[in-house]
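Coordinate inspection notes
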There are 2 protein chains.
Amino acid sequence: MNRLFRTAGAVAGLAVAALTTAAWAQQAPKPEQLIRWRQSAYQVIGWNSNRIKASLDGPYNKDEVVKASNAIAALANSGLGSLFPPGTETGKGWHDTTVKATLFTNGARVGELAGNFSKEATQLAAFAQTGDAAAVKEQYGRLTRTCKACHDDFRNSN
Amino acid sequence: MNRLFRTAGAVAGLAVAALTTAAWAQQAPKPEQLIRWRQSAYQVIGWNSNRIKASLDGPYNKDEVVKASNAIAALANSGLGSLFPPGTETGKGWHDTTVKATLFTNGARVGELAGNFSKEATQLAAFAQTGDAAAVKEQYGRLTRTCKACHDDFRNSN
């Protein structure tokens, strides 16, 4: 009987596990959704980068730069990596993904680049608060170089 | 001569104004770009809303909720209204805009709704830091009601 109970318990456990997996599979966002979200996130970063550039090229607007750099910093620290799970190497969100397959097999380099992006974005948001346009300009350069570094390594150009 | 100089000056001034306008027109994002950016911003808000909901429905993950609510708050306070200038009542970003034309003529109501969204998003980010899941759940409800209020008034359902 003891053994039977154990077996019954194990079967019940498996059934629960299967249900949980099924529920998760049902709730988990599909690859197309994840790709759409990440494409959207980089668009929003691009929008806010444009706003900062407009302030650096034209009359400096501290409020604009604060809002834009806060948005970039929050996204840079939001865990964008979770939008690149296995299974999203190819696929279409708003458009076909431009990610290179090597991103999914080079965690150390991706982590290094993501860390640099977060660090420089956080620093830009801090400088923005001071209203020091020269410091913002220099830091904005540092930030955009982290964008380019990742594009160079892991984004197809077309 | 005096009159001639004045006339020449006026003509030169007009030429400069025309050049400035042309340069601005060249730099200013096109309606399609603005619509794409705003559609992207709401997608990113949706992604982060999903993450918070997953934590409230499943095992609570404080780090996830902090990151997600910070991203939503930064976007809610980023000045999304600037993505709805005149001339973007219709048009296609990633897809045809679903905005109602009344958004562009009802500044007082739009401002009220946007203010509510910013306020509740900022409060959610503050509660997230405490790790108090019950407070986050209640505040998340308040936040999503501000989303719905704006959708009800200013978004076409299809």
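As a starting point, this report considers the structure included with it. (Residues numbered from 1 in each chain as written. Chains lettered and ligands numbered in written order. Predicted model: local features only at pLDDT ≥ 70, side-chain atom pairs only at ≥ 80, totals over all residues. Heavy atoms only, no water.)

A word on the relation of the copies chain B and chain A. Once chain B is rotated about the relating axis by 180 degrees and shifted along it by 0.0 Å, it coincides with chain A to within an RMSD of 0.0 Å. The transformation just described matches what one would write down for a two-fold rotation axis. Residue Ser40 of chain B, judged by its C-alpha, is the member of chain B lying nearest the rotation axis, at 2.2 Å. When you check the interface residues of chain B against chain A, 100% turn up at the interface there too, and the contact is symmetric in its surfaces. (Least-squares fit on C-alpha atoms with pLDDT ≥ 70 in both. Contact = heavy atoms within 4.5 Å.)

Attention now goes to the packing of helix α2 (residues 31-57) of chain A against helix α5 (residues 133-154) of chain A. Helices that pack against each other are described as a pair by the angle of their axes relative to one another and the distance between those axes. Residues and elements named next belong to chain A. Contact geometry of α2 with α5 gives a least axis separation of 11 Å together with a crossing angle of 135 degrees. Put simply, α2 runs oblique to α5. Of the two elements, α2 crosses α5, and the hand of that crossing is left-handed. Judged by residue contacts, Ser49, Ile52, Lys53 and Leu56 of α2 engage Ala133, Val136, Lys137 and Tyr140 from α5. Of the residues belonging to the contact of α2 with α5, the class tally is five nonpolar, one polar and two charged. (Axes fitted to C-alpha atoms, helices over the stretch in contact; angles between N-to-C directions. Helix = DSSP H or I, 4+ residues; strand = E, 2+ residues; numbered from the N terminus. Parallel < 35°, antiparallel > 145°, perpendicular 65-115°, else oblique. Left-handed = near helix turned anticlockwise from the far one by under 90°. Nonpolar A, V, L, I, M, F, W, Y, C, P; charged D, E, K, R; others polar.)

As a further point, take the interface of chain B and chain A. Across the boundary between the two partners, chain B contributes 24 residues, which contact 24 residues of chain A. Across the chain B to chain A interface the summed buried area is about 2100 Å²; carbon plus sulfur atoms make up 69%. Together, Trp37, Trp47 and Trp94 of chain B form the three largest contributors to the area buried by chain B at its contact with chain A, with a combined 34%. In this assembly, chain B and chain A are joined by zero salt bridges. At the surface where chain B touches chain A, the tally comes to six residue pairs in polar contact (both at pLDDT 80 or more). Element by element, the count of residues in the side of chain B that touches chain A is highest for helix α2 (residues 31-57) of chain B, at eleven residues. Split by residue class, the side of chain B that touches chain A holds ten nonpolar, eleven polar and three charged. (Buried area = accessible area lost by both parts, 1.4 Å probe. Salt bridge = Lys/Arg side-chain N within 4 Å of Asp/Glu carboxyl O. Polar contact = N/O pair within 3.5 Å; in protein donor to acceptor, adjacent residues only side chain to side chain.)

Function-wise, these values are silent; they only describe arrangement.
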